[in-house]
Amino acid sequence: MGRQDPGLSQLRRALLADERVAAHETIRARHRQVAPLPDDLPEAVVDALARSGATQLHAFQREAIDALRAGEHVVLGGGTGSGKSLCYQTLLLEALLTP
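Residues numbered from 1 in each chain as written. Predicted model: local features only at pLDDT ≥ 70, side-chain atom pairs only at ≥ 80, totals over all residues. Heavy atoms only, no water.

(A) Spatial organisation of the overall build of the chain. A count of helices and strands for the chain gives four helices and two strands. Relative to the 2.2 N^0.38 estimate, which gives 13 Å for 99 residues, the radius of gyration of the chain is 17 Å and therefore markedly larger than a compact globule would have. A principal-axis box enclosing the C-alpha atoms of the chain has dimensions of 50 × 30 × 15 Å. When each of the 99 residues of the chain is scored for burial, the buried share is 21%. Pairs at least 24 apart in sequence give 51% of the contacts found in the chain among residues at least 6 apart. (Helix = DSSP H or I, 4+ residues; strand = E, 2+ residues; numbered from the N terminus. Rg over C-alpha atoms; globule rule 2.2 N^0.38 Å. Buried < 20%, exposed > 50% of the residue type's maximum accessible area, 1.4 Å probe, protein only. Contact = heavy atoms within 4.5 Å.)

(B) Layout of the confidence of the model for the chain. Of the residues in the chain, 96% have a pLDDT of 70 or more, and the chain-wide mean is 87. Looking over the chain, one finds the lowest element-wise mean pLDDT in helix α1 (residues 6-17), namely 83, and the highest in helix α3 (residues 59-69), namely 95. (pLDDT = per-residue confidence, 0-100.)

(C) How the structure looks around a nonpolar patch on the surface. A contiguous nonpolar patch, built from Leu8, Leu11, Leu15, Leu16 and Val21 and spanning about 420 Å² of accessible area, is present on the exposed surface. Considering the arrangement of structural elements, one finds Leu16 in helix α1. (Patch = residues over 30% accessible without salt bridge, like charges linked within 9 Å, V, L, I, M, F, W, Y side chains within 5 Å. Areas by Shrake-Rupley, 256 points an atom, 1.4 Å probe, with all protein chains shown as cover. Salt bridge = Lys/Arg side-chain N within 4 Å of Asp/Glu carboxyl O.)

(D) Seen up close, the environment of Leu97. With respect to the secondary-structure elements, Leu97 resides in helix α4 (residues 84-97). Leave out the neighbours within four places in its chain, and Leu97 touches Ala44 and Val45.

(E) Here's a closer look at the pattern of salt bridges. This structure, assessed with the given rule, holds four salt bridges. Between Arg62 and Asp66 there is a salt bridge; the shortest N-O distance is 3.0 Å. Taken together, the residues span about one helical turn, with Arg62 and Asp66 both in helix α3 at a distance of four residues. For Arg62, a relative accessible area of 21% corresponds to the partly exposed category. Residues Glu94 and Arg69 are paired through a salt bridge, measuring 2.6 Å at the closest nitrogen-oxygen approach. With Glu94 in helix α4 and Arg69 in helix α3, this pair connects stretches of sequence that are 25 residues apart. One continuous salt-bridge network, built from bridges that share partners, spans Asp40, Arg69 and Glu94.

The structure is reproduced here in structure tokens:
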């Protein structure tokens, strides 16, 4: 693991000392795992995603989409540009483009 910023270390210690923090977990970076788009996505959604360059998903995106479609609450955490928003946008497109 790389060297951590001193300010980040201080913030982490302060948060962990706060009694309102119920849990904390550090997750190491993993290699990118891909997953196919759901087979039952409307063709219009698949086409819209393809036009934006999304022909497959990260595994976490597919898991999130499946969970959201099942009515589960989903919270995603990741860096800027990691693809979190695509999970919600895919379902929004599906709702808008499905009669």
